[in-house]
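One letter stands for each residue in the lines below.
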Amino acid sequence: MAWIQLTLTTKEDYGRQLGDILMANGAQAVTYRDAKDAPIFEPGPGEVPLWELSQVTGLFPAETNMQPVIKNLAKVSFLEKPLRYKTDQLEDKDWEREWMDNFKPMDFGNGLWIVPSWHQPPHPDATNILLDPGMAFGTGTHPTTSMCLAWIGETELQGTSVVDFGCGSGILGIAALKRGAAHCVGTDIDQQALLATRENAVLNHVSDQFDVYLPEFAPNEPVDVVIANILAGPLQELAPILLSYLKPGGQIALSGILARQAEDVMAAYTPEVTFAPVRYHDEWCFLHGTRQK
Ligand SMILES: C[S@@+](CC[C@H](N)C(=O)[O-])C[C@H]1O[C@@H](n2cnc3c(N)ncnc32)[C@H](O)[C@@H]1O
């Protein structure tokens, strides 16, 4: 059996509502692709950041007459006018599994692996982080996450307290805990991310050590390590908050920064933080440093 795939983009607040509307119009399945897992581009002034958008895709039987569906969607008040959408013909396959099949166990060095929760760890003795990202950002495939994971893998974290700011799937906090950190506070503005982090913490048997909050409810107790993979703009704006979390002598890791933005981000954390040489991966860079005692 073949299928028609209909894809629309909407503000993430409306993602679920749009999914319900697609189901009510005959979709057999709906999936959400957070634009967060698409390449991130720094939004221009006044633009909606890409990761506030959800891509919602409905799967319709091939014989569906899509005209009435499109007509109904054109009346939905929160969708763009004129309606923008994309249709594709799909051969029959387990399409939900398709993206899952592309998410494979990955080695980040120093024995640190990310393993999709539906895979067997290829090296059972390694530090294996089992992960189901759900709708949250953070599979390890994006350079901004992978540079953080490489740093976590090489850093002595035994007994440390950690803040994972913008925790997404919880991938970084869980990795830190599995590498010996004693406790982690994760914060995110996205409820889906908090949910995914909690679930992944349970999956990895670190839920007792991983507390998750919306940023405004997070306890502001200084910790040994702050990790934040969010965009350069927020990293600069949030510098006083992130610094308020960091103990003297503590370590900070910042990611989500385009290479050309490194200087500006470092300036926001100077002179409190002394930075190590900048690391680069594709167009992205990674900053890490130590807070003066
Ligand atoms: C690029 S993702 C990183 C996710 C994960 N930590 C990783 O490294 O893959 C950024 C996350 O930060 C969250 N975020 C963005 N702005 C934030 C803010 N001001 N405070 C807290 N979280 C924020 C987003 O919702 C998103 O989950």
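What counts and how
Residues numbered from 1 in each chain as written. Predicted model: local features only at pLDDT ≥ 70, side-chain atom pairs only at ≥ 80, totals over all residues. Heavy atoms only, no water. Near = heavy atom within 4 Å. Polar contact = N/O pair within 3.5 Å; in protein donor to acceptor, adjacent residues only side chain to side chain. Areas by Shrake-Rupley, 256 points an atom, 1.4 Å probe, with all protein chains shown as cover. Nonpolar A, V, L, I, M, F, W, Y, C, P; charged D, E, K, R; others polar. Core = buried A, V, L, I, M, F, W, Y, C linked by side-chain atoms within 4.5 Å. Buried < 20%, exposed > 50% of the residue type's maximum accessible area, 1.4 Å probe, protein only. Contact = heavy atoms within 4.5 Å. Axes fitted to C-alpha atoms, helices over the stretch in contact; angles between N-to-C directions. Helix = DSSP H or I, 4+ residues; strand = E, 2+ residues; numbered from the N terminus. Parallel < 35°, antiparallel > 145°, perpendicular 65-115°, else oblique. UniProt positions renumbered as here; feature names shortened; annotations may be inferred. Phe/Tyr/Trp six-rings, centres within 6.5 Å; stacked < 30°, edge-to-face > 60°.

### Some words on the site of the ligand
Taken together, 17 residues lie near the ligand, and Thr145, Gly166, Asp188, Asn229 and Ile230 sit nearest. Here a nitrogen atom of the ligand sits 2.8 Å away from a polar atom, N or O, in the main chain of Gly166. Cys167 places a polar main-chain atom, nitrogen or oxygen, 3.4 Å from a nitrogen atom of the ligand. Relative to its unbound accessible area of 600 Å², the ligand is 93% covered by the protein chains. Broken down by class, the residue content of the shell around the ligand amounts to 10 nonpolar, five polar and two charged.

### Some words on the nonpolar core
In terms of nonpolar packing, the biggest core is built from 35 residues, with Ile114, Leu149, Ile152 and Ile227 touching the most fellow members. Other than its neighbours up to four places away in sequence, Ile227 contacts Cys148, Trp151, Ile152, Val162, Val163, Asp164, Phe165, Leu172 and Ala253. One finds Phe165, Ala228, Ala239 and Leu242 within the second-largest nonpolar core, a separate group that totals 26 residues.

### Quick notes on the packing of helix 4 (residues 143-154) against helix 5 (residues 171-178)
Relative orientation of the contacting elements helix 4 and helix 5 amounts to 10°, with a least axis distance of 10 Å. Put simply, helix 4 runs roughly parallel to helix 5. Here helix 4 contributes Thr145, Cys148, Leu149 and Ile152 to the contact with helix 5, which in turn contributes Ile171, Leu172, Ala175 and Ala176.

### Notes on the UniProt feature "binding site: S-adenosyl-L-methionine" (unreviewed entry) in the protein chain
What UniProt calls "binding site: S-adenosyl-L-methionine" (unreviewed entry) maps, in this numbering, to Thr145, Gly166, Asp188 and Asn229. Summarising the element assignment, Gly166 is placed in the loop between strand 8 (161-165) and helix 5. In this view, Gly166 contacts Thr187, Asp188, Asn229 and Ile230; residues no more than four positions away in its chain are not counted. Tracing the backbone through its elements, the reader meets Asp188 in the loop between strand 9 (183-187) and helix 6 (191-203). Judged by relative accessible area, Asp188 falls into the buried class, the value being 11%. Within the structure, the side chain of Asp188 is placed 3.2 Å from the backbone nitrogen of Cys167, a separation counted as a polar contact.

### Examining the packing of aromatic side chains
Overall, the coordinates contain three aromatic pairs when judged by the stated rule. Ring centres of Trp151 and Phe286 lie 6.4 Å apart, and the angle between their planes is 50°; on these two criteria the pair is classed as tilted. Of this pair, Trp151 sits in helix 4 while Phe286 sits in strand 15 (residues 284-291), and the two are 135 residues apart along the sequence. Of the residues examined, Phe286 reaches a relative accessible area of 0% and is grouped as buried.

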